[in-house]
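So the chains spell out like this:
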Protein chains: 2
Amino acid sequence: MAKSQSVSLSVIRRLPRYYRFLSDLKAAGILRISSRELSSRMGLTASQIRQDLNCFGGFGQQGYGYNVEQLHAEIGNILGVGKKHKTILLGAGNLGKAVAAHMDFEAKGFDLIGVFETDKQMIGKNLRGLKILSSEMLVPFCKEHQPLVAILCIPKDSARKASDLLVELGIKAFWNFTHYDFAVSHPGIVVENVHLGDSLMILSYRVNETLEGNSTDNKE
Amino acid sequence: MAKSQSVSLSVIRRLPRYYRFLSDLKAAGILRISSRELSSRMGLTASQIRQDLNCFGGFGQQGYGYNVEQLHAEIGNILGVGKKHKTILLGAGNLGKAVAAHMDFEAKGFDLIGVFETDKQMIGKNLRGLKILSSEMLVPFCKEHQPLVAILCIPKDSARKASDLLVELGIKAFWNFTHYDFAVSHPGIVVENVHLGDSLMILSYRVNETLEGNSTDNKE
DNA sequence: TAGATTGTTAATCGATTAACAATC
DNA sequence: TAGATTGTTAATCGATTAACAATC
């Protein structure tokens, strides 16, 4: 099971996009695809696609290309879409609510089992079939259910305080929507950041660059 | 005003994080900082910080370091936080509502002037001080107000259809929360993608990798 | 002035692209 | 078999790190 060598994050970050394109191809009834054809659809080089896939094994066949359904399944497997990691959400404000209601956790390897909020107004309300719990229930809940993943949709300072506690309680991974910066503080813990504000500022820079006319192309 | 040479996207993507750290330093009353000190706080190399900043000019002073307030202002300026680009939001579902309510557009160079939704239930309701408009109003609204940026929080197929129309109407940049893939289709248009689903799948991969024990460290 | 720290050039490292032999 | 397309090695390109002279 152990991969011979750790695959670079650059490659990993492209996998979900491959997975989406293959879903679409599958839905369109396309059975096979060459790296060349896929590359032109995705705006990548065929070389890169073959390099990326060969980090995980030879899924293609010379002279034929890749079987769409099989490759889709393989990448899903690599990404762990079949897992059911117990997950809790901290914060049922605008963002927390949207994430909980919007995201297909089951299709991505997660199982949302608890939502916690400090605002008394929200406690007891229903979110995605879960009763929102008081954050006072966090410790007993984690001791009982042993969640592995925590989604942070709380203010920065709360995140700072909560993170150490959560790690003590056995949380191994964070989906972090806050501005709290884990950076160096928790080795061995996985942190995937979603910094919406940063993303918007990057857009700002790029718009301005384009408007000023000294743009080259639109890269992404 | 024109930069001598286009700055790489890798550098641009780090700027908002510098900006946040400098905000914090400023708030903490710290007046000056060396690249070495900043690097240890941010988990980068001092070399990288100096390289990054020197893409835009020499903001530091030999023997002293960087003036926190000045550098903060410079980076804010580079990112265009003082701009007020007219922006519209398509989709006032869970995600659209959360983004509209949550994001500090004014602090990031944008001015949200219109929200559009197809669901009759939502039309007329208030969101961030704006009355939600029927998507039938999109064309006349754009003709009158000439927005520059569109935020897409609508289904994939709607995004595909809307994007061409929006470009025709003069939209030059998209903040894209959908799975619609602009990739090659609209040259000269800026697209900043926020793929929450992809981010969650990357977390999935990394959790599994860590749990299987063949992890190295937590990189990010 | 001496010490500190930048700005910048050179060296290294990693990621992407190109090329081609292997093979279906 | 001949044609197509992979898997994989080699070449290129870009980004990061190291080093150090310039200078406050």
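Residues numbered from 1 in each chain as written. Chains lettered and ligands numbered in written order. Predicted model: local features only at pLDDT ≥ 70, side-chain atom pairs only at ≥ 80, totals over all residues. Heavy atoms only, no water.

Observations regarding the interface of chain B and chain A
Each partner contributes to the interface: chain B provides 76 residues, whereas chain A provides 76 residues. The junction of chain B with chain A conceals about 7000 Å² of combined surface from both sides, 63% of it contributed by carbon and sulfur atoms. The largest per-residue losses of area from chain B upon contact with chain A belong to L200, M201 and Y205 of chain B, which jointly make up 11% of the total buried on that side. Applying the counting rule to chain B against chain A returns nine salt bridges. D198 of chain A is the partner of R20 of chain B in a salt bridge, and the nearest nitrogen-oxygen pair spans 2.8 Å. Inspection of the chain B/chain A interface yields 18 residue pairs in polar contact (both at pLDDT 80 or more). Counting residues per element, the side of chain B that touches chain A draws most heavily on helix 8 (residues 196-211) of chain B, which supplies 16 residues. Here the residues of the side of chain B that touches chain A are counted per class, giving 41 nonpolar, 19 polar and 16 charged. (Contact = heavy atoms within 4.5 Å. Buried area = accessible area lost by both parts, 1.4 Å probe. Salt bridge = Lys/Arg side-chain N within 4 Å of Asp/Glu carboxyl O. Polar contact = N/O pair within 3.5 Å; in protein donor to acceptor, adjacent residues only side chain to side chain. Helix = DSSP H or I, 4+ residues; strand = E, 2+ residues; numbered from the N terminus. Nonpolar A, V, L, I, M, F, W, Y, C, P; charged D, E, K, R; others polar.)

Overview of the sheet that holds strand 8 (residues 133-134) of chain A
With respect to topology, six strands assemble into an open sheet ordered 8-5-4-9-10-11 (chain A), the strand pairing being parallel. With partners counted over all chains shown, the strands left at the sheet margins are strand 8 and strand 11 (190-193) of chain A, one partner each. Where strand 10 (residues 173-176) of chain A and strand 11 of chain A come together, four bridges link them in parallel fashion. Bridging across to strand 11 of chain A, N176 of chain A finds its partner in N193 of chain A. Seen against the sheet, helix 8 of chain B touches strand 4 (85-90), strand 5 (110-117), strand 9 (149-152), strand 10 and strand 11 of chain A and runs at an angle of roughly 170° to strand 11 of chain A. (Pairing = 2+ DSSP bridges. Axes fitted to C-alpha atoms, helices over the stretch in contact; angles between N-to-C directions.)

Brief notes about the protein's contact with DNA strand D
Around DNA strand D, the surrounding shell holds 26 residues, and the nearest of these are S35, R50 and Y66 of chain A together with S47 and Q51 of chain B. For DNA strand D, the fraction of protein-proximal atoms (within 4 Å) that sit in sugar or phosphate groups is 58%. Here a sugar or linking oxygen of DNA strand D and a side-chain polar atom of Q48 of chain B are 3.2 Å apart. A distance of 3.4 Å separates a sugar or linking oxygen of DNA strand D from a polar atom in the side chain of Q61 of chain B. It is helix 3 (residues 46-53) of chain B that provides the largest number of residues to the surface near DNA strand D, a total of four residues. The residue makeup of the surface near DNA strand D, split by class, is three nonpolar, 19 polar and four charged. (Near = heavy atom within 4 Å.)

Brief notes about the pattern of salt bridges
Applying the stated rule across the entire model yields 19 salt bridges over all chains. For E192 of chain B, the salt bridge identified is with R206 of chain A, shortest N-O distance 3.3 Å. Residue E192 of chain B is found in strand 10 (residues 190-193), and its partner R206 of chain A is found in helix 8 (residues 196-211); the two belong to separate chains. The residues E192 of chain B and R206 of chain A share a single accessibility class, namely buried. In this structure, R160 of chain B engages D157 of chain B in a salt bridge whose closest nitrogen and oxygen atoms are separated by 2.9 Å. Of this pair, R160 of chain B and D157 of chain B both sit in helix 7 (residues 156-168), three residues apart, which is roughly one turn of the helix. Residues joined by salt bridges that share partners form a network here, namely R17 and R20 of chain A together with D181 and D198 of chain B. (Buried < 20%, exposed > 50% of the residue type's maximum accessible area, 1.4 Å probe, protein only.)

Observations concerning the sheet that holds strand 7 (residues 133-134) of chain B
Hydrogen bonds between backbone groups are what pair the strands of a sheet, and the pairing can be parallel or antiparallel. Spatially, the six strands line up as an open sheet ordered 7-4-3-8-9-10 (chain B), and their pairing is parallel. Taken across any chain shown, the strands that pair with only one partner, and hence form the sheet edges, are strand 7 and strand 10 of chain B.

Digging into unusual backbone geometry
One non-glycine residue, R128 of chain A, lies in positive phi territory at about 55°. Relative to the elements of secondary structure, R128 of chain A occurs in the loop between strand 6 (126-127) and strand 7 (130-131).

Let's talk about the UniProt feature "domain: CoA-binding" (unreviewed entry) in chain A
Look at the UniProt record and you will see "domain: CoA-binding" (unreviewed entry) annotated at residues 83-178 of chain A. Within residues 83-178 of chain A, the helical portion is 31% and the strand portion 29%, while the C-alpha atoms at the span's ends are 25 Å from each other. (UniProt positions renumbered as here; feature names shortened; annotations may be inferred.)

Some details on the protein's contact with DNA strand C
Close contacts around DNA strand C come from 26 residues, with S47 and Q51 of chain A together with S35, R50 and Y66 of chain B the closest. Here, DNA strand C places atoms within 4 Å of the protein, and 57% of those atoms are sugar or phosphate. Between DNA strand C and Q62 of chain A, the relevant distance is 3.3 Å, taken from a base oxygen to a main-chain nitrogen or oxygen of the residue. Side-chain polar atom of Q51 of chain B to a base oxygen of DNA strand C: 2.9 Å apart, as the coordinates give it. Taken together, the elements giving at least two residues each to the surface near DNA strand C come down to helix 1 (9-27) and helix 3 (46-53) of chain A together with helix 3 of chain B.

Remarks on the UniProt feature "DNA-binding region" (unreviewed entry) in chain A
As annotated in UniProt, the feature "DNA-binding region" (unreviewed entry) corresponds to residues 17-56 of chain A in the numbering used here. As annotated, residues 17-56 of chain A comprises 68% helix and 5% strand, and the C-alpha atoms at either end are separated by 16 Å.

Observations regarding the nonpolar core
Counting residues in each nonpolar core, the largest one holds 56 residues, and the members touching the most others are W175 of chain A together with W175 of chain B. For W175 of chain A, the residues in contact, after removing those within four places along its chain, are V99, M103, F105, A150, I151, L152, E192 and V194 of chain A together with L196, S199, L200 and L203 of chain B. (Core = buried A, V, L, I, M, F, W, Y, C linked by side-chain atoms within 4.5 Å.)

Brief notes about the packing of aromatic side chains
Residue and element names in this part refer to chain A. Taken as a whole and assessed by the stated rule, the structure comprises ten aromatic pairs over all chains. Between the aromatic rings of F174 and F182, the centroid separation amounts to 4.7 Å while the plane-to-plane angle is 35°, which identifies the pairing as tilted. Residue classification places F174 among the buried positions, given a relative accessible area of 0%. Owing to a relative accessible area of 4%, F182 belongs among the buried residues under this scheme. (Phe/Tyr/Trp six-rings, centres within 6.5 Å; stacked < 30°, edge-to-face > 60°.)

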